[in-house]
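Single-letter residue listing:
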Amino acid sequence: MRVPNLYWNDVRSLVASNNTGIRRLLGTIEEFGLETFREYTRLSFELAEQVVRERIRAIPDGTYRAEEWTEHNGHVDELYRVACEMTKRGDQITFDFTGSSEQTDGFINCSYGALVGSVATAIVPILAWDVPFNEGVMTAFDIIAEPGSIVNPRPPAPISNGHLTTGARVSRVVTKLMNEACHNSGNELVRNRTQGVWGDSWTGGISAGNTDAGEYFVLFNMDGGGMGAGAQPDGDGLDCAGMMTQVNNMLPDVEMNEMLYPVLYLWKQLNIDSAGHGANRGGLGMRFAWTLHGASEVTQTVFAPSSQVVADGFGGGLPGGGSGHEVWRRTDVEQLLSQGRIPNPDVLSAEEKQLLEINQQSVSISTGDVFVQWIAGGGGYGDPLLRDPQKVADDVRDGYVTEEVARKTYGVVLNDGQVDEDATQQIRNEIRRNRLGQDLAREVLAAPAGASAPRRDADGWFVPASGARLGDGDDWRPAARKVTHVASDRLAEHGVRIRPRSNGERVLIDEYYSPECGTLLEACIRVEPEAGK
């Protein structure tokens, strides 16, 4: 153990908790008898399976397809495909990951066990949120993955970060598949399990070095768990929620990190550049910065797996922002502190702001440098123009969005912090007309968050927000107006930051609009392969 003084009691606690679990399990068996214990275990499995299969039966039979992309394998800035075809028949679902990228020599390979866990991570809150998680929950799901792929590598293969990178992409792709399938259900309970995709990749920073007193330390900063959750049908996503797989996510106190390690935090706040805008807004990630305090130099390792290919929204909700790291070199932090001024992003100056690679190691940070990290946000839910104007006004007052974003993205006009209702309706209709480049055939008034996601009735597809029709084919998208942009450029117009991709594949955003009412029906990230590949 590299730092035993700090972590030895953690290891002892793990051993003690296992010992306590063993004693209580044996005590239960002794109290009720082995056969009774086995019978109730069997019943627990069967009841969990029964509940999940009943909900699966409420999903329309069919085949659904989606993909995600893992970024940077630790050696090269390439994108690695996580493809999935979901087939639903009766009360059984098959997830087939055939077509995913081959395994790589970087640490992003996801073992088959981690693959199963990542599928369960998405499935449990969607279909099994109120049953004990046991073997019965997963009985209704088959998982297929080609050996030698990034989601089922053959040994020897580096897998140390696979669960946090490719595994998180698996959870995201399953969420997207379940969104499409559940939304078409006739069962309202199942239909309302749709959501914006979570900003579900853990953003890490590891600092190692010696303090001025000569003591070796390693700071694996758990602030990296501060990514935003996807927006929900009934409300905004949770800020700094952690990954879907993290139950009861906790973030460290500034004071504890400063007490245990030679760092001084300069800011730790919500990352307003990460919001997935929507009728319900995606949860915000976090941003923070520290400078050395009690050490002259450290070596830094970073990984920011959700930088370029960010989390989708649902039903017209926009994608969330991405993650990243910078080192601000040779700053005036010491001068500001000596003057009694609080260093913040607006006043702190630096000779250079070095953007780090998505995965990078052996980065030297010295006295006077400032380490800056920002973390991804969750996708939005529903067209932003359907957001309650008063909620937008509250967001501006609370600093969640700027007044410019309120006007340009949400179409809300504020006068002295108060909503101008007439001007708001006018500018929202103007935005809808600009989306189409023509006058509106139908007007949209107040509507719930999910009213921008197309639904189907006996006559075909329609937009609940206005009643506009979208044809009677198997898919509504051919009847919509599609507009494609470079994702980093387009989201920047909404005040959302993602890392531009300078070579290879292009990261795009496809936007689909109702040609009658101008409602944003879907906004999804798509990776366009490099020409010739």
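Use the structure listed above.
Enquirer: Just checking my understanding: could you explain the environment of arginine 456 for this structure?
Expert: With respect to the helices and strands, arginine 456 occurs in strand β16 (residues 455-457). Given the relative accessible area of 40%, arginine 456 is considered partly exposed. Taking the C-alpha atoms as reference points, arginine 456 and aspartate 475, separated by 19 residues in sequence, lie 9.9 Å from one another. There is a polar contact of 3.1 Å between the side chain of arginine 456 and the backbone oxygen of aspartate 472. From its side chain, arginine 456 meets the backbone oxygen of glycine 473 in a polar contact 2.9 Å long.

Enquirer: Where do I start with unusual backbone geometry in this structure?
Expert: Note on backbone geometry: most residues besides glycine have negative phi, and most peptide bonds are trans. Of the consecutive residues proline 155 and proline 156, the connecting peptide bond is found in the cis state with omega at 0°. Even without glycine at this site, arginine 330 takes up a positive phi of about 50°. On the accessibility criterion, arginine 330 (45% relative accessible area) is partly exposed. Phi is positive for aspartate 416, which is not a glycine, with a value near 55°. With respect to the helices and strands, aspartate 416 occurs in the loop between β14 (414-415) and β15 (418-419).

Enquirer: Looking at this structure, how should I read the packing of aromatic side chains?
Expert: For any pair of aromatic rings, the description consists of the separation of the ring centres together with the inter-plane angle of the planes. Per the counting criterion, the structure on display carries 8 aromatic pairs. Here the aromatic rings of tryptophan 290 and phenylalanine 371 are separated by 5.1 Å at their centres, their planes lie at 35°, and the arrangement is tilted. With tryptophan 290 in strand β8 (residues 285-292) and phenylalanine 371 in strand β13 (residues 370-374), this residue pair connects regions lying 81 residues apart in the sequence. In terms of burial, tryptophan 290 and phenylalanine 371 fall into one category: buried.

Enquirer: I would appreciate a short explanation of the pattern of salt bridges in the present structure.
Expert: Oppositely charged side chains can form a pair if their charged atoms are brought close together. By the definition in use, this model includes 39 salt bridges. The salt bridge partner of aspartate 236 is arginine 281, with a shortest N-O separation of 3.4 Å. Of this pair, aspartate 236 sits in the loop between β6 (216-220) and α7 (254-260) while arginine 281 sits in the loop between β7 (263-271) and β8, placing them 45 residues apart in sequence. Across the pair aspartate 457 and arginine 469 runs a salt bridge whose closest N-O atoms are separated by 2.8 Å. Here arginine 469 lies in the loop between β17 (460-462) and β18 (481-486) and aspartate 457 lies in strand β16, a separation of 12 residues in the sequence. What makes arginine 469 partly exposed here is its relative accessible area of 31%. Here the salt bridges share partners, and the residues they tie into one network are Glu68, Glu71, Arg169, Arg172, Lys176 and Asp312.

Enquirer: Please explain a nonpolar patch on the surface as it appears in this structure.
Expert: A surface patch of nonpolar side chains, about 270 Å² in accessible area, is lined by Trp8, Val11 and Val15. Relative to the helices and strands, valine 11 resides in helix α1 (residues 4-32). The class of valine 11 is partly exposed, set by a relative accessible area of 30%.

Enquirer: What am I meant to see in the pairing of β13 here?
Expert: Looking along a regular strand, one sees the side chains alternate between the two faces of the sheet. Judged by how many residues are buried, β13 sits mostly within the fold: 5 of 5 residues are covered. Strand direction decides the pairing type here: β8 and β13, joined by 5 bridges, are antiparallel. When the bridges of β13 are listed, threonine 291 appears paired with valine 370. Note: strand β10 (residues 324-331) against β13, 5 bridges, orientation antiparallel. The residue bridging glycine 324 from the neighbouring strand is tryptophan 374, located in β13.

Enquirer: I'm lost on the side chain of threonine 194 in this one. Help?
Expert: Considering the arrangement of structural elements, one finds threonine 194 in the loop between α6 (188-191) and β5 (204-210). When its relative accessible area of 0% is taken as the criterion, threonine 194 is described as buried. At 3.3 Å, the side chain of threonine 194 forms a polar contact with the backbone oxygen of arginine 191. Those residues in contact with threonine 194 that sit more than four places away from it in its chain are Asn179, Cys182, His183, Gln232, Pro233, Phe314 and Tyr381.

Enquirer: Is there a simple way to explain the packing of α1 against helix α2 (residues 34-57) in this structure?
Expert: For any two helices packed against each other, the geometry comes down to the angle between their axes and how far apart the axes lie. Relative orientation of the contacting elements α1 and α2 amounts to 110°, with a least axis distance of 6 Å. Here α1 is positioned roughly perpendicular relative to α2, judged by the angle of their axes. Contact residues: α1 offers Leu25, Thr28, Ile29 and Phe32, while α2 offers Leu34, Thr36 and Phe37. Classifying every residue of the contact of α1 with α2 gives 5 nonpolar, 2 polar and no charged.

Cut-offs used in this document
- Residues numbered from 1 in each chain as written.
- Predicted model: local features only at pLDDT ≥ 70, side-chain atom pairs only at ≥ 80, totals over all residues.
- Heavy atoms only, no water.
- Helix = DSSP H or I, 4+ residues; strand = E, 2+ residues; numbered from the N terminus.
- Buried < 20%, exposed > 50% of the residue type's maximum accessible area, 1.4 Å probe, protein only.
- Polar contact = N/O pair within 3.5 Å; in protein donor to acceptor, adjacent residues only side chain to side chain.
- Phe/Tyr/Trp six-rings, centres within 6.5 Å; stacked < 30°, edge-to-face > 60°.
- Salt bridge = Lys/Arg side-chain N within 4 Å of Asp/Glu carboxyl O.
- Patch = residues over 30% accessible without salt bridge, like charges linked within 9 Å, V, L, I, M, F, W, Y side chains within 5 Å.
- Areas by Shrake-Rupley, 256 points an atom, 1.4 Å probe, with all protein chains shown as cover.
- Pairing = 2+ DSSP bridges.
- Contact = heavy atoms within 4.5 Å.
- Axes fitted to C-alpha atoms, helices over the stretch in contact; angles between N-to-C directions.
- Parallel < 35°, antiparallel > 145°, perpendicular 65-115°, else oblique.
- Nonpolar A, V, L, I, M, F, W, Y, C, P; charged D, E, K, R; others polar.

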